[in-house]
Amino acid sequence: MAAFVKGKLKSAREAIAKQEFVKARDAALNALEYESENYNAYVLLGVAYLKLGDLEKSEQAYRKAIELDPGLALAWQGASQLYEKTRNWAEYAKALDKLAHLHATAGDAVKCAENVQKLIQLRRDDGDRLQLAEVLSLVLPGSDLYPVLSTLPAPDPTNPTSSTIDPIQEAVHNSLPVLEELMSIYEQAEDALENSEISKRRMRLGAPPLEQIRRDVALEILTSSQLPRLYNEILIHPNTPDDLRRETESKLLQLKQRLLFALPTTPPHVETKTRLAAEVSEMTGGMVLLKIPNELAWSLYIESKDATYIEDYDFGTLRQFIALFPELPLAKLLRAYFEYMAIRLDEDEDEEKPASEPDPDVDYVEIIVEMFSSLNESILAHRIVAEIYEQEFDYENMIKVSESGLELVRRSEQNWGRPLKLVKKAFDVTLATALVHLFPPKNHARALRILDEVLAEDPNMIRALMNRGFVLQYAKRWDDAAHLFGRVIKLEPEDLDQVYRAKEELAWCNVMLGQLQTAANELRQVIDALEELEGREEDKARSWWRLGRCHWEMGDDHREEAYKYFVTALRRSSQYAPAFTSLGVYYSQFLSPPDPNRASKCFQKAFELDSREVEAARRLAEGFAEEGEWDLVEVVARRTIEGEGGLQEGPEAKASRRYLPINAWAWKAVGAVELTRRNYVAAIEAYQIALRTDVDDPLSRLRLGEAYSKAGRFAAAFKALERARELDPSDWVASFFIGDVQRQMGLYEEAIQAFESILSSRPQEIGVLHSLGQSFLDLGHFELSTGFSARAETSFLSAVRVSLDLLNASPGFRRVAWKTIADALYHLSGFPEILDGDLAQDLLACVIPLVTDHPEKGLVDIVSYPLPTEDLSNLPLLFLETALAAYDYRLTLGAIDDTAKATAFFDLGSALSTFGRRTLDGAKRDRAQQHAITQFKEALRLEPSNDAFWVALGNATFLSQPGVCQHSYIRALEVDNKNAATWTSLGLFYLHQEDTELANEAFYKAQTLDPDYALAWVGQGLVATANGHDKEARALFEHATTLTATAPEADLEYATRLFTQINESTKSRSGSREAFLPAFYVLDRYCKQRPQDASALHLFGLVCERIGHVSVGIDLLGRAITLLEAAYEETEDTAIERQFTIAHTNAARLRLSAADFEGALESYQVATGLLPEQPEDAEGRVLLAQCQFGSGLANFKLGQLAEALGLFEASMVTAADHPVIRGHVVVLLAQTLWAIGTDEAKESAKTQLLQSVEYDPENLAAINTLAGMGILTEDDGLVDAALSEILSLPLDQRLQRDPERDVTYLLTQHHLGQGDATQALSVAQKAVFAEPARTDVRYSLASLTLRSGESGAALAVLGGSAQTQGDFAQLRASLALRAVALCVEETGHGAEALRLAQKAVALSPWDRHSWEALAYVRGRSASER
């Protein structure tokens, strides 16, 4: 068997050698048939399949061979050839790697190198950079192949082609190029990965800040980076050149610095961070020591240094930095700083030789600031710039730089993992210094916190002690400040400037403590020392000034000497502001005589030099205020505020929120100026800030309240003014402003009370009188709008009275007084009658002479001069004419400005328009309307931006000039397009012009702007009416009547439509009383507002008739008749005559209802007398027929039967063409004949009714009357004849003809009259079955059922009635019947029955049946007890 297999394997090899690959395949397969696990057979089979092109089977064969013995190289070699041919590079790389390791294991260095070389080339040609790096590392000493590869001989540089593995030999014997390539690969890969991760994480929701993302990504990448190892190998490689070594060292430093800064300071990373920080410090220190020009190393070395002073940074090191990197911003900044501070730049220069002075032509500060703009991350740059700002006294920028520097220190401490205590302390002291001297003492609280921290750490810190002493000086704690300055002196600091300043401040503290002589001696010592020094003019001037102040405080004997010292101070420094202030005080107070001009110049100069010179500013402001120069007062005040740091930075300087002012007087001055300019918001802010200093200042509270009130913030104004009054109860001005605020808030009665209380002690106070008059006027407006007419009359009369008192008190207020008087008279003209006629007459007697007895009076063609003062027959018209004269007189007084004059023209025009609407004189009406239009145009000429003026002009030209009217409304909307009233007026105009679409859009816009504006809903209702949508129109009018601010027009229109709708929707003679109640309520409200509207009074009387208030209706119709009669007498209009006739007709009918038959007959006679004997128009015939018919009825009731019959017959003739009226007349004629009582008359009555029914078969009244006559005479034939036709009709037609169900009632009564209760009950049951929802038929059935003794059934019927929505009156009546039914029931329902009976009486106290039911229930309950 083995021999057979060997033979086959041999045949296969021979066949492959002869390239007979089919034969080789077969031989290998035969061998495998006998020995299926034969390694060589599978290898040969793989070779055969590969050559035959069956690559898949070839791979299967090779894989099987590898599986049998993976340690043999033969199958791997075949597989690598297969994969190379199929370009399966991934498997090819695996095969080459395996072959390399197999040959290494076998010690075959050449073959191992060949496979590694192929693998490297493969990765170069087809693979990513990291895969290439992975295979390149195979030739490095750390690789597992390196021991074998290192046995290769060195390459022959003279014959490089002598070996196929020359690249591998070179790499093994000189790994530096490989290391460089690996370094490049990993650098690029890590950069790409970092950028990708940062971009990806920035887009996540809730991502941290970009800086934190950079730290996190750097930490993740650098902790697993291969670069540190590669950098170190390059650095220690013997072949590394110096330039590569420097570059690699720089890269290693940068990598370690990035990792150091990325590591957090949490416990797991503290040790690593500390080690890395030490390594970075060691590297940077070495580079600096060797003066290697590595920018990062030098920057890290300098910026990480913890130094108290800039001198501690080692100027030698900084000079070397400047020399190595002369073009860097930091180097340029350091160079400018050195030159500015006169520090040598040349390290080799002789130290004993003084440094050269700064070049005066070079602006070193500008250079430093310019370079600093690109050094946001440099701590040293921040320290230098902060010091420069301190020397330039730029404390504001000093604070910004110090705060930025502290933030850099915090970040540096986090980056390095170690504190920079000295640097932080230096920045803290610098920041505290700036806070102490910037707008003192604004920032002193913050400065003290910083100084306390510094001194707790370093109690002898000179600058901190000095700054704390300055703070104590501003707090006037002179003893504590003196102690600190004395302590500084004892510490003997090296800086003589600080010594001299400490001695000077100690002396100043003694001045303030009153130790004047000691202080003078100390100051002289300081001055002597300073005078020996060059420069220092500011310090010298300050010391001389303080010596002068010291002598000033010694008394008058030393003032002259003090004056000399002040002058000396100015000689030392002419820019020293306090000396000018002291000289100003000297000239104004001590010099005899005082020299105010020189003093003012000194104060101005002091304030120009230093806005913190508060004393000079205050004296300047007082002087300007005395001269009335308020603009200059504001300038001084605002600059004073700016000088004490009261304004925040920004395009618009505003007051700091937490700012506590030092000079409250400046803010008060600003508030007063802004209040005068009507800038109320700015005034409020100014007074609020002023009150921070003194919250109990009554004057500031008062002015604050005034500003609040004028700004419309009434609640805040009231609070501020109340506080002002509490602080100073004797100040009546606070009470006055409180009253004015109450008036503006609508609390008119409280305001009137406040003003009257002031006038009780100051009766001639002009402003109070004016405000009281205005309050009465506003109260009258409010009372009139809420329906309290009598109260409104009293208020308007009071407004006139108070304004007359104002005129008597001061003629200077005539314009405002006459405005109030005219407005009050104008409103009084709208009252139908004046209740307090005596007071009105007295006031008119005072007003009329004043407005008519002047040469410039106008309106002579409209107002009938002289106005009567005795004839009060038409008092409303007299009020209106007097108001016109008052408005005209007001125009003659002139106006302060165009706005006031325009208002005067507008008021006169409004009054003229009203006069034109009320007067019955056509000529006067036209003149009044034209004159009103002229006035409105004058008003618009003066103030064209007032929309109310445009609306008034549009209203005045509504009918006469449509184009002008439309233009006016549109102009008004251009001024204010949010005014619902203007949109409504425009809608009414379009509706009048029959453009319903535009009208509807205008009304809709008005409703959108103000849903509670009633006229907009009225207008839309009119549009709906014009479009034939009566139901929607009625709903719109009803909604308009329910709004808070109702319109009288809506009330009248709604009532008219409701009355018409009820009359047309039912044929019932007694339409539901509740249905008319809404009309009753709105008409009652309308007639109170428009008592002169005869049509409304007439309609109101008809509504009262329908709800049963007959007497009220008679009174209303009487008032309407009186108005119509007066109108007819003036105009003799036929339309008014017809209205007068109709009113008399309706009044007569109501008098008939009230049993006033004689009065009814009189009214009918008046109406008949106004009608022709044979009217030609249908309405006239109807009226005449009703008058004849009603007169006949009145005569009948008066027992005058003959006259009644004659009138009935005449009415039948008149109403021959009106079947409804004729039918009613026939019935009443028949009833009259029946009432005569004779058989002949009764027969005649029947005949009349039969003829009427024959003439008008649908005359249900005649049919019912016939049936009733048949029931009374027990004539069943007559009953059947009368009802047979209607009973034979279908149910729906029968019910339509009999809306009151009179037939059912007659049949029921007929059967009951015959004693047939069963048949009567049957009729009632049929009626309920036909209409189960009607409460009246259920009520009738329940009553009949109860009569039969079936109380339970009656309750069941009534219970069903309670579930229906029937007539409320019927439901109310059913309560009594239910109570009786419950009482009859033997189930103990007595209490419930009593409750229902009482409820029935409470709901219908006028109903006799309810009282009878209550009596029955109580009686039955008493009997049961």
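Residues numbered from 1 in each chain as written. Predicted model: local features only at pLDDT ≥ 70, side-chain atom pairs only at ≥ 80, totals over all residues. Heavy atoms only, no water.

Engineer: Would you mind going over helix 25 (residues 478-491) with me for this structure?
Structural biologist: Three or four residues apart is the spacing at which side chains of an α-helix point the same way, because the helix has 3.6 residues per turn. With 14 residues, helix 25 extends 20 Å from end C-alpha to end C-alpha; this agrees with the ideal 20 Å at 1.5 Å per step. Burial in helix 25 covers these residues: Trp-478, Ala-481, Ala-482, Leu-484, Phe-485, Gly-486 and Val-488. Taken from the residues just after helix 25, Glu-492 is the one with a positive phi, measuring 50 degrees. (Helix = DSSP H or I, 4+ residues; strand = E, 2+ residues; numbered from the N terminus. Expected span 1.5 Å × (residues − 1). Buried < 20%, exposed > 50% of the residue type's maximum accessible area, 1.4 Å probe, protein only.)

Engineer: Where do I start with the pattern of salt bridges in this structure?
Structural biologist: Opposite charge on two side chains allows them to pair when their charged atoms are near. Following the criterion strictly, the structure yields 58 salt bridges and no others. A salt bridge links Asp-458 to Lys-425; the nearest nitrogen and oxygen atoms lie 3.1 Å apart. Highlighted residues: Asp-458 in the loop between helix 23 (444-457) and helix 24 (462-474) and Lys-425 in helix 22 (residues 421-437), separated in sequence by 33 residues. The residue Glu-615 makes a salt bridge to Arg-618 at a minimum N-O spacing of 2.9 Å. (Salt bridge = Lys/Arg side-chain N within 4 Å of Asp/Glu carboxyl O.)

Engineer: Teacher, can you tell me more about the packing of aromatic side chains here?
Structural biologist: Two descriptors summarise a pair of aromatic rings, namely the distance from one centre to the other and the angle between the planes of the rings. Summed over the entire model, instances satisfying the criterion amount to 29 aromatic pairs. Measuring from ring centre to ring centre gives 5.5 Å for Trp-508 and Trp-545, while their planes differ by 35 degrees; the resulting arrangement is tilted. Residue Trp-508 is located in helix 26 (residues 496-512), and its partner Trp-545 is located in helix 28 (residues 537-553); the two are separated by 37 residues in the primary sequence. Residue Trp-545 is classed as buried on the basis of its relative accessible area, which comes to 10%. Centroid distance Trp-544 to Tyr-565: 5.7 Å. Interplanar angle 35 degrees. Geometry classified as tilted. You can see Trp-544 sitting in helix 28 and its partner Tyr-565 sitting in helix 29 (residues 559-572), a full 21 residues away along the chain. (Phe/Tyr/Trp six-rings, centres within 6.5 Å; stacked < 30°, edge-to-face > 60°.)

Engineer: What is the right way to read the nonpolar core from this model?
Structural biologist: Within soluble globular proteins, side chains that are nonpolar generally end up buried alongside one another. Phe-321 and Leu-333 are the most contacted members of the largest nonpolar core, which totals 122 residues. Discounting residues that sit within four places of it in the chain, Phe-321 has contacts with Trp-298, Ile-302, Leu-328, Leu-330, Ala-331 and Leu-334. Ranked by size, the runner-up nonpolar core spans 111 residues in total, among them Tyr-887, Leu-908, Cys-965 and Ala-1002. (Core = buried A, V, L, I, M, F, W, Y, C linked by side-chain atoms within 4.5 Å. Contact = heavy atoms within 4.5 Å.)

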